[in-house]
Amino acid sequence: MKFTRRHIAALNYATLISSFILISLFQAAPANAQTKNQSNAVILLYHHVSASTPASTSVPPEIFKEHMTYLAEHYSVLPLPVIVNAIKNSKPLPDKAIAVTFDDGFENILTNGHSVMNALSLPYTIFINPAEIGRQKSQLNWEQVKKLHEEGVDFANHTLDHLHMLDRLNGESEAAWLDRVWKNVEEAEAQIREHTGESLKYLAYPFGEFNQQLANRVKQAGYIGFGQHSGGVGPHSDFAALPRFPAAGPYARMSSLKVKMASLAMPVLSQTLQNPEFAANTLVGKQSITVRQEDVRLKQAACYFQGETLPVDFSDNTLSYTLDKALPIGRSRVNCTAPSASKPGRYYWYSQPFFVARENGTYPD
Ligand SMILES: [Zn+2]
């Protein structure tokens, strides 16, 4: 783990993590499996911290303060890079590790959110669109980005201009499409590096939209991808599309958010579905995930799609769900949860997103 960053706060995390590693060593954890079990985290996703912006992506300042106060009291809130590096290397994390992220770089993060985070000494990451920075008053400008960065906030890539990455131009080949969207990502990364000196190579897909080809490019280029489907993050997660729990709008209610904060990453060893992008009117049909079972009560698993429970079946350590319903245009997802055997009240969480373009090859907001 590298702690080359400027802020003193990082020292506290270093101490926390190293004492945790020490404790784990003394507990004589020989099995890799045990280390893997201890490497679990949740990533929360926010946009606006405001009572006067679109409700679906906003959390009022007093609710945001309530969320963060709860986290400070019950969780180890860590910088996103600390969590990602630990999980990638199957290093232990505190039992309840969580990261806070914001997408889009709105100014209300600074005016309404930053003081809350500062007062509670909580680290966080903002995914920004460099072409939008400073363009409107509602957006952070580069001076504010620099100031926040100096105060320990991490900045990462949300593409240059918040395009729908899966939109195809008229007559565009797949190769030309991938080339075009990847240039956009690299230009954004270059601008973030230029203004902050930081280049994490973390890409949060706008609207959470990605497909297999794009995910492959993300991996090849040494990036980590972040989506907007839900679930915990662990060593078996797909690092080209790590899940994040949206925590604003309809998801801001503390009762349901608490269950998500406490969720565990479903340890998926393999799955039948590889590409989340579908042509309109295709049936998803029966799909399976094979999991590392030790602690997952798989036979108690339940899968949901648009509020409905899906038929499921099991064999050994494989869970299958059947979705015999045409996917809607845009974004949808199947969520499956299963209780933990060793951690009462906590659930392993798996989410499979689906993306379907309109007839003209573009995606709705
Ligand atoms: Zn966004």
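You'll find the structure just up there.
Here is a short report on the structure shown in this document.

Parameters at a glance
- Residues numbered from 1 in each chain as written.
- Predicted model: local features only at pLDDT ≥ 70, side-chain atom pairs only at ≥ 80, totals over all residues.
- Heavy atoms only, no water.
- Salt bridge = Lys/Arg side-chain N within 4 Å of Asp/Glu carboxyl O.
- Buried < 20%, exposed > 50% of the residue type's maximum accessible area, 1.4 Å probe, protein only.
- Donors = N, O, S within 2.8 Å, 3.2 Å for Na, K, Ca; no water.
- Helix = DSSP H or I, 4+ residues; strand = E, 2+ residues; numbered from the N terminus.
- Pairing = 2+ DSSP bridges.
- Contact = heavy atoms within 4.5 Å.
- Disulfide = S-S within 2.5 Å.

## Remarks on the pattern of salt bridges
Here's step 1: Within this structure, the stated rule accounts for 14 salt bridges.
Here's step 2: For Arg-135, the salt bridge goes to Glu-132, with nearest N and O atoms at 3.6 Å.
Here's step 3: What makes Arg-135 exposed here is its relative accessible area of 57%.
Here's step 4: Each of Arg-168, Glu-174 and Glu-277 takes part in salt bridges that share partners, so that together they form one network.

## Let's talk about the coordination of the zinc ion
Here's step 1: Around the zinc ion, the protein supplies Asp-104 (OD), His-158 (NE2) and His-162 (NE2) as donor atoms, at distances of 2.1 Å.
Here's step 2: Each donor residue of the zinc ion belongs to the same chain, with the gaps between them written as D-x53-H-x3-H. One end of the pair, Asp-104, is in the loop between strand E5 (97-103) and helix H5 (107-119); the other, His-162, is in the loop between strand E7 (154-157) and helix H7 (174-196), and 58 residues separate them in sequence.
Here's step 3: For His-162, a relative accessible area of 22% gives the class partly exposed.

## Thoughts on the pairing of strand E19 (residues 330-339)
Here's step 1: Counting buried residues in E19 gives eight out of ten residues, a clear majority hidden from the surface.
Here's step 2: Two elements, E19 and strand E20 (residues 347-356), share ten bridges in a ladder whose sense is antiparallel. Counted as the bridge partner of Ser-332 is Phe-354 from E20.

## Quick notes on the pairing of strand E17 (residues 312-315)
Here's step 1: Pairing of E17 with strand E18 (residues 318-326) involves four bridges; the strand directions are antiparallel. Across the sheet, the residue bridging to Asp-313 is Ser-320, located in E18.
Here's step 2: Here E17 hands over to E18 after two residues, with Asp-316 in that stretch at a positive phi of 50°.

## With respect to the environment of Ala-301
Here's step 1: Summarising the element assignment, Ala-301 is placed in the loop between strand E14 (283-291) and strand E15 (302-305).
Here's step 2: Since its relative accessible area comes to 9%, Ala-301 is described here as buried.
Here's step 3: Spatially, the C-alpha atom of Ala-301 lies 9.3 Å from that of Phe-314, the residues being 13 residues apart in sequence.
Here's step 4: Beyond its immediate sequence surroundings of up to four residues, Ala-301 is in contact with Val-312, Phe-314, Leu-319, Thr-337 and Ala-338.

## Quick word on helix H4 (residues 80-88)
Here's step 1: By the criterion of burial, H4 is predominantly enclosed, with seven of the nine residues buried.
Here's step 2: Taken residue by residue, H4 has Leu-80, Pro-81, Val-82, Ile-83, Val-84, Ala-86 and Ile-87 as its buried positions.
Here's step 3: One or two steps after H4, the chain reaches Ser-90, where phi turns positive at roughly 50°.

## A word on the state of the cysteines
Here's step 1: Tallied over the entire structure, the rule returns one disulfide.
Here's step 2: Between the sulfur of Cys-303 and that of Cys-336 lies a disulfide, 2.2 Å long from S to S. Taking the torsion about the sulfur-sulfur bond, which here is approximately 110°, the covalent link between Cys-303 and Cys-336 counts as right-handed. Here the residue Cys-303 occupies a position in strand E15, and Cys-336 occupies one in strand E19, the gap between them amounting to 33 residues. One exposure class covers both Cys-303 and Cys-336, and it is buried.

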